[in-house]
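# Remarks on the overall topology
The residues making up each chain are set out below.
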Amino acid sequence: MDKPAFKLFTPPQEGEKITLNSDGTLNVPDRPIIPYIEGDGIGPDIWRAAMPVFNAAVKKVFGDKKKIVWFKIEAGEVAGKKYGTVLPDEVFDIIRYYRVAIKGPLTTPVGGGYRSLNVTMRQKLDLYACVRPVRYFEGVPAPVKHPEWVDMIVFRENTEDVYAGIEWEKGTEEAKKVIEFLKKELGVTKIREDSGIGIKPISEFATKRLMRMAINWAIKYNKPSVTIVHKGNIMKYTEGAFMKWAYEVAIQEFRDKIVTEAEIKEGKSAEGKIIIKDRITDAMFQQVLLRPKEYDVIITPNLNGDYLSDAIVAQVGGLGLAPGSNIGDGIALFEPTHGTAPKYAGLDKVNPGSLILSGAFMFQYLGWDEVKKVIEDAVATTIKQGYVTYDLARLREDAHEVKCSEFGMKIVENIEKM
Ligand code: NAP
């Protein structure tokens, strides 16, 4: 891709772009340029805390050999005021060009022509997988007896399902037309005239590329299993097909690396292989709670994934420390999982943990796994020492409540002491 002519945002003078190798993996230079969006509401607060953590961790691991060259770009309310649009086209060009970016939360303008800025970004950049790693940090109040048994990563399909945005309000011409078509042309008799209508497309293409990503992850990080979560017993040609296509990818493209649960029951050995299993969604909600040790990599359609990832995150203490990302082929956008929490904006109060851990996950995606480890270890130490923001402090009697920026500073101190 030729360098687009940027007009609104000026790239830094130093640093280089990340490129793709011929096998689709990333080629990350020693000084990669990473675009970032501070975001709205508490966005600037959490960035002020997170940026020093990222820089300190890279320095700890690589000294002066490597560093991130940050490139600030704008979207959301700030962009709306400055450029007259909350999502300037250039933001997409820049993320496509530099390939890996990280953002804070964005306010979706009410009546602004967007369902959600985040959904728009995912769809426009074809970031087809919402990937959320979930693990426990000691000292975080959690509702289950053994939160440390949770170590999962959820690959949620991001572009299809009822989230594709194909729906019509009750009583509109469009809804009436669809109902009439279904009745007349397809003999569907069960739809009431006063229904709103939503369409749930799930394709072979989108399912298979997601499964490829999940299995490749399991191979790279030695994960023992990949579980396909679906509601195929009821929705056979969407969720059921999702399961079927996911198994097809496993068997046709990764035969020597995987074994299915059914094959194990027939006597095949699982030795050195990734076990591919599937679970019906409602059963899976129980399984992750009752037998979390049995689940590692999870792949699921959009709606199931929305619910399931939040439920798993709740097991380890909630969204405050949950990293998030949206990943496509050779392109990725990392982001905290919470919103803009406008009532706390500018108060230097909220927990920056979700952004900090999203950054850690970004470093892992760049292949800088050591940096990820340094950040996670320092976050773990800081929480264990009792230094936490208000959201965790209100749940812990032994806590030293600190401000958002102080939490970041404590993490930096712990990195420097390593
Ligand atoms: P929210 O911003 O996530 O805030 C809901 C509550 O969650 C807050 O009041 C606070 O709870 C807690 N919280 C959120 N972030 C926190 C943090 N970093 N540390 C500690 N506590 C935190 O959700 P919302 O109020 O529903 O949404 C507000 C705006 O954000 C909306 O415009 C929405 O569209 C947008 N949004 C954006 C994204 C995104 O950009 N990815 C995601 C979700 C929502 P307490 O009041 O109990 O302290």
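Residues numbered from 1 in each chain as written. Predicted model: local features only at pLDDT ≥ 70, side-chain atom pairs only at ≥ 80, totals over all residues. Heavy atoms only, no water.

Before going further, it helps to spend a moment on the domain arrangement of the chain. The assigned domain composition of the chain is domain 1 (1-142 + 319-418), domain 2 (144-160 + 201-315) and domain 3 (161-200). Between domain 1 and domain 2, the C-alpha centre-to-centre distance is 26 Å. Between domain 1 and domain 2, the residue contacts involve 22 residues of the former and 23 residues of the latter. Carbon and sulfur atoms make up 57% of the area that domain 1 and domain 2 hide from each other, which totals about 2000 Å². (Domains from an automatic or database assignment. Contact = heavy atoms within 4.5 Å. Buried area = accessible area lost by both parts, 1.4 Å probe.)

Taken residue by residue, a regular strand's side chains alternate between the two faces of the sheet. Counting buried residues in strand β4 (residues 69-73) gives four out of five residues, a clear majority hidden from the surface. Taken together, strand β3 (residues 33-37), helix α1 (residues 43-62) and β4 constitute a β-α-β crossover, and its handedness is right-handed. (Buried < 20%, exposed > 50% of the residue type's maximum accessible area, 1.4 Å probe, protein only. Helix = DSSP H or I, 4+ residues; strand = E, 2+ residues; numbered from the N terminus. Right-handed = clockwise from strand over helix to strand, strands pointing away.)

This brings us to the site of the ligand. Neighbouring residues of the ligand: 20 residues in total, closest Gly 339, Ala 341, Lys 343, Tyr 344 and Tyr 390. Gly 339 places a main-chain nitrogen or oxygen 2.7 Å from an oxygen atom of the ligand. Between the ligand and Ala 341, the relevant distance is 2.7 Å, taken from an oxygen atom to a main-chain nitrogen or oxygen of the residue. When isolated, the ligand has an accessible area of 880 Å², and the protein chains bury 65% of it. (Near = heavy atom within 4 Å. Polar contact = N/O pair within 3.5 Å; in protein donor to acceptor, adjacent residues only side chain to side chain. Areas by Shrake-Rupley, 256 points an atom, 1.4 Å probe, with all protein chains shown as cover.)

The next subject is the packing of aromatic side chains. Counting across every chain of the model gives 19 aromatic pairs. Between Phe 9 and Tyr 83, the ring centres sit 5.5 Å apart and the planes meet at 80°, which makes this aromatic pair edge-to-face. Highlighted residues: Phe 9 in the segment before β1 (19-20) and Tyr 83 in helix α2 (residues 77-83), separated in sequence by 74 residues. What makes Tyr 83 partly exposed here is its relative accessible area of 26%. Among the aromatic residues, those joined into a cluster by ring pairs are Tyr 36, Trp 47, Phe 54, Phe 62, Trp 70, Phe 363 and Trp 368. Seen from the ring of Tyr 97, Lys 17 lies directly overhead, with NZ or CZ sitting 4.2 Å from the centre. A cation over a ring is seen here: Lys 277 above Tyr 295, with NZ or CZ 4.9 Å from the ring centre. (Phe/Tyr/Trp six-rings, centres within 6.5 Å; stacked < 30°, edge-to-face > 60°. Lys NZ or Arg CZ within 6 Å of the ring centre and 35° of its normal.)

On inspection of all chains with the given rule, the structure shows 34 salt bridges. Two residues, Asp 30 and Lys 66, come together in a salt bridge whose shortest N-O distance is 4.0 Å. Remark: Lys 66 occurs in the loop between α1 and β4 and Asp 30 occurs in the loop between β2 (26-27) and β3; sequence separation between them is 36 residues. A salt bridge links Asp 398 to Arg 396; the nearest nitrogen and oxygen atoms lie 3.0 Å apart. One continuous salt-bridge network, built from bridges that share partners, spans Glu 204, Lys 208, Lys 244 and Glu 248. (Salt bridge = Lys/Arg side-chain N within 4 Å of Asp/Glu carboxyl O.)

Before going further, it helps to spend a moment on the environment of Ala 246. In this fold, Ala 246 is placed in helix α7 (residues 236-253). Overall, the relative accessible area of 0% leaves Ala 246 in the buried class. Remark: the alpha-carbon pair of Ala 246 and Ile 276, spanning 30 residues in sequence, is separated by 9.5 Å. Once residues lying within four places of it in the same chain are set aside, the contact partners of Ala 246 are Thr 207, Met 211, Ile 228 and Ile 299.

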